[in-house]
Amino acid sequence: MIRGLAAEGVPKAQIAARLGISRTTVVKAVKSDGPPRYERSPRPTSFTPFEARVRALLAEHPQMPATVLAERVGWEGSIRWFRDNVARLRPEHRPVDPADRLTWAAGDAAQCDLWFPPRKIPLEDGTAVLLPVLVIVAAHSRFVTARMIPTRKTEDLLLGHWELIQQLGAVPRRLIWDNESGIGQRGRLAQGVASFAGTLATKVVQLKPYDPESKGIVERRNGWLETSFMPGRTFTSPSDFNAQLQEWLEKANGRVVRTIKARPIDLIGHDRARMLPLPPIPLQLGWRERVRLGRDYYVRLDASDYSVDPAAIGRIVDIAADLDRVRVRLDGRLVADHARVWARGSTITDPAHVEAAKRLRHQFQEPRLAAAPDDLSRDLADYDRAFGIEGVA
């Protein structure tokens, strides 16, 4: 009010008389940049004697917790007061990590990640577990593809990759991952990942630690799935989850993304045109193993057992499995075909295999009778030769 009256040209003495304040107050108010406020003059506090030592520790270890700092410097006062002062000092000693604004060329990259929905999914044996969802987002168009997979092992991750890349209709030139153990860690790819990338002619990029902005697109999509897809839904099985997820993604990819001011469904065509074509040959992915079939005629895959035709007992069989089926072959002939179960420790039995085993067991337990010759007579000359009297009159 004082500054407003002074700006209108009212004399300072008249302002002081009108407002009932001293003329000195009016002069200070006119010269100040803002309203007056009370400021306590700085004085030493209980933290002041410890500040230099705390600064020295923070300079060497910027992330050291406040409780550890209090122990190191011998603080015996209020821990809350100590924490407040450490929070005030810590930004001065924390190294700066600038985040660049990244641009993504069409067809160049797809960001990949595993998202764990915050709800357990019922499995075949009646149990419910948290299962991973593989999410791949085309970085330029923001087109999202996702699928729940049984495990985070390399075999299932590559199977999920191939299925989602087929949904994209082309191969991004780079697949960006963090240090997921099934893909690779510390700059080394897991077994089978390099050959998978070579077949697709793409490159798997492993990000260094503390680089979240390079995979921020897929991280935000994970949060979007958690807040927009999950609420209010129930799931009876992994297949039910995937069915609902695919239906929702068809609508989600048709919504305008605020950062690019466009719909992913409208940009994916341009993105796909700059990607690499799908390989002309089918990829040999999934679980592959060769074992000798034991007497119990079961093979184990991912902690679950599957029955095999007992006619193959004692022979080498080839096991091949994808996300949906488990197949066993003997010399190229199919001897077992089961739906893959996601519940660990399950035993899957084909009734036909049990009947075949029963027949073979019955045949084994029957006594084997030696066949009697039709003619029991013997030539007497055989005895002469046996006793060395052949030719004696």
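Before reading further, recall that the structure is shown in the block above.
Residues numbered from 1 in each chain as written. Predicted model: local features only at pLDDT ≥ 70, side-chain atom pairs only at ≥ 80, totals over all residues. Heavy atoms only, no water.

A few points about the pairing of strand β11 (residues 298–301)
With burial as the criterion, only one face of β11 is covered, namely that bearing V299 and L301; the residues Y298 and R300 on the opposite face remain uncovered. Where β11 meets strand β12 (residues 304–307), 4 bridges bridge the pair, whose relative direction is antiparallel. Following the sheet pairing, Y298 is matched in β12 by S307. (Buried < 20%, exposed > 50% of the residue type's maximum accessible area, 1.4 Å probe, protein only. Helix = DSSP H or I, 4+ residues; strand = E, 2+ residues; numbered from the N terminus. Pairing = 2+ DSSP bridges.)

Remarks on the sheet that holds β12
If you walk across this open sheet you meet the 3 strands as β11-β12-β16, and the pairing is mixed. The open sheet has two edge strands, β11 and β16 (347–348), and neither has a second partner.

Brief notes about the packing of helix α7 (residues 154–168) against helix α8 (residues 193–200)
Contact pair α7 / α8: the axes reach a minimum separation of 11 Å and the direction vectors enclose 15°. Considering their axes alone, α7 and α8 lie roughly parallel with respect to each other. Read as a crossing pair, α7 and α8 show a hand that is right-handed. Contact with α7, carried on its side by T154, L158, H161, W162 and I165, involves V193, F196 and L200 of α8 and no other residues of that element. (Axes fitted to C-alpha atoms, helices over the stretch in contact; angles between N-to-C directions. Parallel < 35°, antiparallel > 145°, perpendicular 65-115°, else oblique. Left-handed = near helix turned anticlockwise from the far one by under 90°. Contact = heavy atoms within 4.5 Å.)

Structural notes on the nonpolar core
Ranked by internal contacts, the top residues of the largest apolar core, which has 29 residues, are W115, V133, V135, L225, F229, F241 and L245. Those elements that provide at least two residues to this core are β1 (109–115), β4 (133–138), β5 (144–148), α9 (216–229) and α10 (238–252). Broken down by element, the residue count for this core peaks at 5 residues, all from α10. Non-local contacts of F241, meaning those with residues more than four positions away in its chain, are made with W115, P117, I121, V133, M148, F229, M230 and F235. (Core = buried A, V, L, I, M, F, W, Y, C linked by side-chain atoms within 4.5 Å.)

A short note on the side chain of S237
Position of S237 among the secondary structure elements: in the loop between α9 and α10. Judged by its relative accessible area of 19%, S237 falls in the buried class. The contacts of S237, once residues within four sequence positions are left out, are I121 and P122.

Structural notes on the side chain of S214
Along the polypeptide, S214 turns up in the loop between β9 (203–206) and α9. Accessibility expressed as a relative area gives 14% for S214, which makes it buried. When neighbours within four sequence positions are excluded, S214 is seen to be in contact with L102, W104, Q111, I176 and L207.

Side note on the environment of D337
Mapped onto the secondary structure, D337 falls in strand β15 (residues 333–339). Look past the residues within four positions of D337 in its chain and what remains in contact with it is R325, V326 and R327.

Some details on the sheet that holds β15
Pairing within the open sheet is antiparallel, and its 4 strands lie in the order β10-β13-β14-β15. Every other strand in the sheet has two partners, leaving β10 (287–292) and β15 as the edge strands with one partner each. The mean inter-strand angle of the sheet, taken between neighbouring strand axes irrespective of direction, is 20°. Relative to strand β13 (residues 316–321), β10 is paired through 6 bridges, and the arrangement is antiparallel. Bridge pairing links R288 to A320 in β13.

Focus: unusual backbone geometry
One non-glycine residue with positive phi stands out, namely Y297, at about 50°. Structurally, Y297 can be placed in the loop between β10 and β11. A relative accessible area of 11% means that Y297 is categorised as buried. A positive phi angle, near 50°, is found at D302, a position not held by glycine. The residue D302 is located in the loop between β11 and β12 in this model.

Notes on the packing of aromatic side chains
Per the counting criterion, the structure on display carries 10 aromatic pairs. Relative to F82, the ring of W75 has its centre 5.3 Å away and its plane inclined at 40°; by these criteria the two rings are tilted. The pair formed by W75 and F82 is uniform in burial state, with each residue classed as buried. Ring geometry for F235 versus F241: centroids 4.8 Å apart, planes at 55°, classification tilted. In this pair, the class of F235 matches that of F241, namely buried. Ring-pair connections join several aromatic residues into one group, and the members of that group are W224, F229, F235, F241 and W248. (Phe/Tyr/Trp six-rings, centres within 6.5 Å; stacked < 30°, edge-to-face > 60°.)

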